[in-house]
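A structural walkthrough
Spelled out from the first residue to the last, the chains are:
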Amino acid sequence: MKFGPVPIDQAEGAVLAHATTAGERRFRKAHRLSADDVSALKAAGINEVVAAVLAADDLGEDAAAEKIAASMSHRNIEAKPAATGRVNLHAETAGVFTVDAAMINAINAVDPTITIATLAQHAPVEKDQMVATVKIIPFAVAAALVDRVAKICAGGEIFAVNAYQPVRVGVIQTVLPGVKPSVLDKTLRVTEARLARSGGRLTAERRTPHEIAPVAEAAASLARDNDIVVIFGASAMSDFADVVPAAIERAGGAVIRAGMPVDPGNLLVLGTLDGKRVIGAPGCARSPKENGFDWVLDRLIAGLDVTAGDIAGMGVGGLLMEIPTRPQPREPLPARSELKVDIVLLAAGRSSRMGGPNKLLALFDGKPLVRRAAERALGSRAANTIVVTGHQHERVRATLSGLDVTLADNPDFADGLSSSLKAGIARVAADAAGAMIVLGDMPGVSSADLDRLIDAFRKSGGRSVVRAAHDGRRGNPVLLPRSLFPAIAHLEGDTGARHLVEAEGLDVVDVEIGEGAAVDVDTREALEGAGGVLQD
């Protein structure tokens, strides 16, 4: 294939590199020119085009991608029709994805013109989810290269979706004095939901003392009628001879592996009993957040074996997102009295309901609203104040002139609230235990109100969400612990802190601060009713 400028008299059969207009006709990129097309281009005064000219032994991009996809051996995967040199492959069922990495690497090493990308090894997938894509980079590729790739594909199964099986699961929960029944009930609900997403079914539960003999007896009983037994210990495993691994052996089973290089999930135990798998669940498995327990459980439900070597190989990629509610976080927080809090003041919005004027520049007692909010933030016990700007950022920044604030510009402010949250959190100090999200359009929130929220956060040990309230109803500001910062990176669109509070399952402390928690000024009527005067 040759690529570059082509005289129009020689362009029949060439593939356009760029969209081209000839009079009222428009030829899209990658269009193969016919004799009529060439005549139309000539008539429009076009003397040459940038195009690809295929050699006799070349395959067009779609034909090459389709040939490669057709040469692959896979299970529970459907190849979609080729388009723009790409064939996407989708899961025909929910399950766990497996891939021959050596085969993928060999294909990608043939020539840069041919690429294939897949999901990660053992990734959980849903039905119809894309799992791989074949992409031809140029408009055509030598047929000999495609044949080399097809020969590699003939070497065996390249990838598969291992379908989830309708396995039966029995659960044991051990009990110690002080363990609340509500915790055990919640664990059961979380486990049922975890099984439902991957096709498993919880058939029975046993609650026993946290002792070897009763756990062994319950495990032997449940193994007779179930495919998998899961044991939730009231106390985490602290030794390889502790209750859960010892109970598996007492029941006549064997421990395959105790401990795994995945965090959260380090304290998982995997064993066998009467040909069935037994999992000693780590404490983090009581949370619905992803942890090492999911990695093992999903594979077993998909019919895949999990060996001691498999678990030993999970360390790369095994540092997962922290679970905020776990009793022992990876890194200790400073003493309560020393917990630092930064304020993120959101001032990037477009004031769309104002019909033109920027509400943040409206005057309250002769002072622009955004400056008033920033001064109150600076007057609190927060360590730093970060102001996120976007719409009319130059005017807003000028209004804040002389204040000791950190300015964070959000060029993507039109994408929604989540983009401003991300921009602000990115500037929070590394030693801050939390960030208070303050809306720039709430004139009734005082420095004292902000301090009340900070005090409540420190009393909670820096682990709870602290939320302003009025008459028992939630409001703003909201103070988020650092454990939630990673989740903010995954927010999209006009989604804010409230979504995180509801989704993450953290303890929430509501602090009554009065009417100011509920008063924002989204409309002209609300702003004027709160004593503001709009400026053009």
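Structural data are supplied above this passage.
Quick look at the structure, then. What you see is a predicted model; the values in this text were computed from it and never measured. (Residues numbered from 1 in each chain as written. Predicted model: local features only at pLDDT ≥ 70, side-chain atom pairs only at ≥ 80, totals over all residues. Heavy atoms only, no water.)

1. Comments concerning helix α2 (residues 61-70)
Every buried residue of α2 is listed here: E61, A64, A65, I68 and A69. What you see down the axis of α2 is that its buried residues fit within an arc of 130°, all on one side. (Buried < 20%, exposed > 50% of the residue type's maximum accessible area, 1.4 Å probe, protein only. Helix = DSSP H or I, 4+ residues; strand = E, 2+ residues; numbered from the N terminus. Arc of directions from axis to C-beta.)

2. Some remarks on the environment of F27
Within the secondary structure, F27 is located in strand β4 (residues 25-27). Look at F27 and you get buried, because its relative accessible area is 4%. Distance in space between the C-alpha atoms of F27 and T406 is 50 Å, their sequence separation being 379 residues. Ignoring sequence-local partners within four residues, the contact set of F27 consists of L16, H18, A19, T20, A22, D37, A40 and L41. (Contact = heavy atoms within 4.5 Å.)

3. Describing the nonpolar core
Soluble globular proteins: nonpolar side chains tend toward being buried together. Counting residues in hydrophobic clusters, the biggest one holds 39 residues, and the most contacted among them are I343, L400, M436, L450, V466 and L479. Mapped by element, the contributors of at least two residues to this core are β22 (340-347), α10 (369-378), β27 (432-439), α13 (447-459) and β28 (465-470). Discounting residues that sit within four places of it in the chain, V466 has contacts with L453, A456, F457, P477, V478, L479, V509 and V511. Ranked by size, the runner-up nonpolar core spans 31 residues in total, among them A64, A69, I107 and V149. (Core = buried A, V, L, I, M, F, W, Y, C linked by side-chain atoms within 4.5 Å.)

4. Here we look at unusual backbone geometry
Here the residue pair D263 and P264 is connected by a cis peptide bond, since its omega of 0° sits within 30 degrees of zero. When you line up the elements, P264 lands in the loop between β19 (254-258) and β20 (269-273). Here the residue pair N476 and P477 is connected by a cis peptide bond, since its omega of 5° sits within 30 degrees of zero. The phi dihedral of T84 is positive, around 50°, even though this residue is not glycine.

5. Structural notes on the side chain of K276
Within the element layout of this structure, K276 appears in strand β21 (residues 276-281). No salt bridge is formed by the buried K276; its nearest oppositely charged neighbour, D227, is found at 5.3 Å. At 2.8 Å, the side chain of K276 and the backbone oxygen of A223 are in polar contact. Apart from residues no more than four positions distant in its own chain, K276 is found in contact with A223, R224, N226, D227 and G271. (Lys, Arg positive; Asp, Glu negative; His and termini not counted. Salt bridge = Lys/Arg side-chain N within 4 Å of Asp/Glu carboxyl O. Polar contact = N/O pair within 3.5 Å; in protein donor to acceptor, adjacent residues only side chain to side chain.)

6. So, the sheet that holds strand β5 (residues 48-53)
If you walk across this open sheet you meet the 3 strands as β1-β5-β2, and the pairing is antiparallel. Every other strand in the sheet has two partners, leaving β1 (2-7) and β2 (15-16) as the edge strands with one partner each. Sheet analysis places β1 next to β5, joined by 6 bridges and oriented antiparallel. Within β5, the residue paired with P5 across the bridge is V50. (Pairing = 2+ DSSP bridges.)

7. A short note on helix α6 (residues 212-225)
With 14 residues, α6 extends 21 Å from end C-alpha to end C-alpha; this agrees with the ideal 20 Å at 1.5 Å per step. Taken as a whole, α6 has its buried residues at V215, A216, A218, A219, A220, L222 and A223. Where α6 is buried, its residues touch β16 (168-175), β17 (201-209), β18 (228-232), α7 (243-250), β20 and β21. (Expected span 1.5 Å × (residues − 1).)

8. Observations concerning the pattern of salt bridges
Opposite charge on two side chains makes pairing possible when the charged atoms of those side chains draw close. This model, assessed by the stated rule, comprises 20 salt bridges. K42 is paired through a salt bridge with D9; the nearest N and O atoms lie 2.7 Å apart. Taken together, the residues K42 in helix α1 (residues 35-43) and D9 in the loop between β1 and β2 connect sequence positions 33 residues apart. Judged by relative accessible area, K42 falls into the partly exposed class, the value being 42%.

9. Observations regarding the sheet that holds β16
Overall, mixed pairing links the 6 strands, which are arranged β17-β16-β18-β21-β20-β19 in an open sheet. Two strands lie at the open edges of the sheet, namely β17 and β19, each paired on one side alone. Strand after strand, the sheet turns through a mean of 20° between neighbouring axes, direction not considered. Pairing geometry for β19 and β20, over 4 bridges, is antiparallel. For V255, the partnering residue across the bridge sits in β20 and is G271. Across the sheet, helix α8 (residues 292-301) lies against β18, β20 and β21, angled at about 165° from β21, the strand it touches most. (Axes fitted to C-alpha atoms, helices over the stretch in contact; angles between N-to-C directions.)

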